[in-house]
Amino acid sequence: MTASSVKRYPVAPGVRLNVRSGPGTQYGIVKVLPEGVSVPVNCQTTGTWVTGTYGTTNIWDNIGNGQFVSDAYLYTGSDGYVASRCA
């Protein structure tokens, strides 16, 4: 997938989102996204269930190398997958 084909999605309003090293709340926080940013979703995978602004899901979005966020906090316009599955 080329960089130009990766879509960016906004983080939920008023949320400072934890970015984790893997697809689950048991993984360490590698950074925190500030309010109002949009992030690329390179691929998606399943992980721990999270309830957030946009519902409850076990989908986790890869936004960079070793960087995952819960899909419950990104506005993708879908309750399902919007990108390919992570390998």
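Residues numbered from 1 in each chain as written. Predicted model: local features only at pLDDT ≥ 70, side-chain atom pairs only at ≥ 80, totals over all residues. Heavy atoms only, no water.

Student: It is not clear to me how the state of the cysteines should be interpreted in this structure. Could you clarify?
Tutor: Two cysteines joined by a covalent bond between their sulfur atoms form a disulfide. Inspection of the entire model under this criterion finds one disulfide. Two residues share a disulfide in this structure: C43 and C86, whose sulfurs sit 2.1 Å from each other. A torsion of 95° about the S-S bond marks the disulfide between C43 and C86 as right-handed. Taken together, the positions of C43 in strand 5 (residues 43-52) and C86 in the segment after strand 7 (67-70) put the pair 43 residues apart, joining distant regions of the chain. Residue classification places C43 among the buried positions, given a relative accessible area of 14%. (Disulfide = S-S within 2.5 Å. Helix = DSSP H or I, 4+ residues; strand = E, 2+ residues; numbered from the N terminus. Buried < 20%, exposed > 50% of the residue type's maximum accessible area, 1.4 Å probe, protein only.)

Student: What is the right way to read the environment of I63 from this model?
Tutor: For I63, the location among the structural elements is in strand 6 (residues 55-64). Sequence-wise, I63 and P34 are 29 residues apart; in three dimensions their C-alpha atoms are separated by 14 Å. Those residues in contact with I63 that sit more than four places away from it in its chain are V19, L33, V39, P40, N42 and V69. (Contact = heavy atoms within 4.5 Å.)

Student: I keep staring at the environment of N62 and nothing clicks. Help me out?
Tutor: Tracing the backbone shows N62 in strand 6. Looking at N62, the relative accessible area reads 11%, which means it is buried. It is 14 Å that separates the C-alpha atoms of N62 and K31, two residues lying 31 residues apart in sequence. Once residues lying within four places of it in the same chain are set aside, the contact partners of N62 are P40, V41, N42, C43, Q67, F68 and C86.

Student: What should I look at first to understand the packing of aromatic side chains in this one?
Tutor: To describe a pair of aromatic rings, one takes the distance between the centres and the angle between the planes. The final tally for this structure, using the stated rule, is one aromatic pair. Note that R85 overlies the ring of Y81, its terminal NZ or CZ placed 3.8 Å from the centroid. (Phe/Tyr/Trp six-rings, centres within 6.5 Å; stacked < 30°, edge-to-face > 60°. Lys NZ or Arg CZ within 6 Å of the ring centre and 35° of its normal.)

Student: Sorry if this is basic, but what is going on with the pairing of strand 6 here?
Tutor: Side chains on a regular strand alternate between the two faces of the sheet. Across the ten residues of strand 6, eight count as buried, placing the element largely inside the fold. Bridge analysis of strand 5 against strand 6 gives seven bridges, and the strand direction is antiparallel. The partner of Q44 across the bridge, within strand 6, is D61. Linking strand 5 back to strand 6 in an antiparallel pair, the connection comprises two residues. Relative to strand 7, strand 6 runs antiparallel, the two being bridged by four bridges. Across the sheet, residue N62 finds its bridge partner in strand 7, namely F68. Hairpin connection of strand 6 to strand 7: two residues between the antiparallel strands, including G66 at a positive phi of 70°. (Pairing = 2+ DSSP bridges.)

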